[in-house]
Amino acid sequence: MPMIPDKPTVSIDIDLIRRNFPVLQTQVHGKPLVYLDNGATTQKPRVVIDKLNELYESKNSSIHRGVHFLSEQMTGEYEHARETVRNFINARNTNEIVFTSGATGSINTVAFSFGEKYVKEGDEIIVSEMEHHSNIVPWQMLCARKKAKLKVIPFDENGELIQNEYKLLFNDKTRLVAITQVSNSLGTVNPVKEMIRFAHDHHVPVLIDGAQAVQHSSVDVQDLDCDFYVFSGHKVFGPTGIGVLYGKEIMLDALPPYQGGGDMVDCVKFEKTTYNELPFKFEAGTMNYTGAIGLGTALEYIGSIGFDAITQHEKSLCAYTHNKLKEIEGLDIYGNAKEKISIFSFLIQGLHPLDTGMILDKMGIALRTGTHCTQPVMDHFQITGTIRASMAFYNSFGDADRLIEGLKKAVSMLK
Ligand code: PMP
């Protein structure tokens, strides 16, 4: 973690940005809200809230089904959102962008569909020790269905994946690698591009869980060369209940559909049903079209700020907060990778995380305590949970100061 002397000058107008997020203007227990639970979900800018209102107030209609004005208009907006997502992650083609219910929905789609086609008894799937449960359990379920095996890449004491151990896991039974780009409990940024290259050298496709990555820096799926990439709308300032599955066209084309229903079909006969083309083959039933459009608006909003400014601000905020946390006696940070984002998991000796979280809540500071859906990470450190402060680009240095003040108060009250 680079040492920096004090609050640096940043090229982001943080006050202006914060005014775009109505919830950041609210009070909790009579104190201005400090929102540090962005790893769980992010707040929504005014443009996204207004967009959702506009859709329900004056445009609502089901997509892809009607010839009437409202339906055509909504279909146009939905497909425009798909193009916005394509552009956001630099996919080659909108056929490669499937809307799902979230990162979890996207991973389950691949686990079922890829698993049905390519995984058989004795095959192996590689995940890492720092995965969110969403990127473990669907693969375990697949392994149970197919009598396949789950192999796990371990991480070291800093929370970095051990690359030599990763390489040793490959053999002629390896069918897929599924790893996170950024850990939601350690903040580690994994060297996924290199890991993908290694897997491809062994003819193994790779799924990247980008749920904690897309809100912090720009992602280029063509540059990464991943086969699948997933993320959730609600963690990238968009609505909840919407997510994205990117898959290379050649991969998605070869896979069977995950769910059957309306819209994913071409011709339905009792003798035989044929399926719709990509990406609709993977979008069964009435989709969350308002969510998809709201997500498109969120991504356009991020584009208007730009990742150069976002990344620069977050890097400074990360270094500043890290250094301030280290000043608190008895505070241990879990996750000290060289490349990390502003997610801080920590414990303070002698303090229970839950008590600490409750005291901070009374001070208007929202953070998370527990396992963060990464029980294997907690098992690694032989702890039952941590306190987690996770930041977004709208967090300020003042938020970091309020966190430190709150923690110092908790120490004085509980020790
Ligand atoms: N992967 C990671 C790394 C996550 O942080 C999360 C959510 N905490 C998920 C997957 C699952 O996302 P969702 O609940 O939005 O489907």
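1. What about the side chain of Asp399?
Link 1 in the chain: Relative to the helices and strands, Asp399 resides in helix 14 (residues 397-414).
Link 2 in the chain: Accessibility expressed as a relative area gives 5% for Asp399, which makes it buried.
Link 3 in the chain: A polar contact of 3.0 Å, which involves the side chain of Asp399, links it to the side chain of Arg18.
Link 4 in the chain: Dropping the residues within four chain positions of it, Asp399 is found in contact with Arg18, Val34 and Tyr394.

2. Notes on the site of the ligand
Link 1 in the chain: Thr104, Asp209, Gln212, Ser232 and Lys235 are the nearest of the 14 residues found near the ligand.
Link 2 in the chain: A distance of 2.5 Å separates a nitrogen atom of the ligand from a polar atom in the side chain of Asp209.
Link 3 in the chain: One of the side-chain N or O atoms of Lys235 is found 2.6 Å from a nitrogen atom in the ligand.
Link 4 in the chain: Burial of the ligand by the surrounding chains reaches 85%, relative to a free accessible area of 400 Å².
Link 5 in the chain: Its residues assigned to classes, the shell around the ligand comprises 2 nonpolar, 10 polar and 2 charged.

3. Examining the pairing of strand 11 (residues 265-268)
Link 1 in the chain: One ladder, built from 3 bridges, connects strand 11 with strand 12 (residues 273-275); its direction is antiparallel. Looking across to strand 12, one finds that Val268 is bridged to Thr273.
Link 2 in the chain: Taking the residues between adjacent antiparallel strands as the criterion, strand 11 and strand 12 are bridged by 4 residues.

4. With respect to the environment of Lys338
Link 1 in the chain: When you line up the elements, Lys338 lands in the loop between strand 13 (331-334) and strand 14 (343-348).
Link 2 in the chain: Separated by 17 residues in the primary sequence, Lys338 and Asp355 place their C-alpha atoms 30 Å from one another.

5. Digging into the domain arrangement of the protein chain
Link 1 in the chain: By the assigned domains, the protein chain splits into domain 1 (14-44 + 306-414) and domain 2 (49-304).
Link 2 in the chain: Relative to domain 2, the C-alpha centre of domain 1 lies at a distance of 28 Å.
Link 3 in the chain: Across the boundary between the two partners, domain 1 contributes 39 residues, which contact 37 residues of domain 2.
Link 4 in the chain: Carbon and sulfur atoms make up 58% of the surface buried where domain 1 meets domain 2, a total of about 3000 Å² over both sides.
Link 5 in the chain: Among the residues domain 1 hides against domain 2, the three largest losses belong to Lys44, Phe307 and Ile341. Together they make up 20% of the total.
Link 6 in the chain: At the junction of domain 1 with domain 2, the criterion picks out 26 residue pairs in polar contact (both at pLDDT 80 or more).
Link 7 in the chain: Elements that contribute at least two residues to the side of domain 1 that touches domain 2 include exactly helix 11 (307-326), strand 14 and helix 13 (375-381).
Link 8 in the chain: Sort the elements by how many residues they give to the side of domain 1 that touches domain 2 and helix 13 lands first, with 6 residues.

6. Quick word on the packing of aromatic side chains
Link 1 in the chain: Counting across every chain of the model gives 20 aromatic pairs.
Link 2 in the chain: Consider the rings of Phe21 and Phe237, whose centres lie 6.2 Å apart with planes at 70 degrees: the pair is edge-to-face. Taken together, the positions of Phe21 in the loop between helix 1 (14-19) and strand 1 (27-28) and Phe237 in the loop between strand 9 (228-232) and strand 10 (243-247) put the pair 216 residues apart, joining distant regions of the chain. Residue Phe21 shares its accessibility class with Phe237, and that shared class is buried.
Link 3 in the chain: When the centroid spacing of 6.0 Å and the interplanar angle of 45 degrees are considered together, the rings of Phe88 and Phe307 count as tilted. Linking Phe88 in helix 3 (residues 69-89) with Phe307 in helix 11, this pair joins segments that are 219 residues apart in sequence.
Link 4 in the chain: A relative accessible area of 14% places Phe88 in the buried class.

Reading the values: rules and limits
- Residues numbered from 1 in each chain as written.
- Predicted model: local features only at pLDDT ≥ 70, side-chain atom pairs only at ≥ 80, totals over all residues.
- Heavy atoms only, no water.
- Helix = DSSP H or I, 4+ residues; strand = E, 2+ residues; numbered from the N terminus.
- Buried < 20%, exposed > 50% of the residue type's maximum accessible area, 1.4 Å probe, protein only.
- Polar contact = N/O pair within 3.5 Å; in protein donor to acceptor, adjacent residues only side chain to side chain.
- Contact = heavy atoms within 4.5 Å.
- Near = heavy atom within 4 Å.
- Areas by Shrake-Rupley, 256 points an atom, 1.4 Å probe, with all protein chains shown as cover.
- Nonpolar A, V, L, I, M, F, W, Y, C, P; charged D, E, K, R; others polar.
- Pairing = 2+ DSSP bridges.
- Domains from an automatic or database assignment.
- Buried area = accessible area lost by both parts, 1.4 Å probe.
- Phe/Tyr/Trp six-rings, centres within 6.5 Å; stacked < 30°, edge-to-face > 60°.

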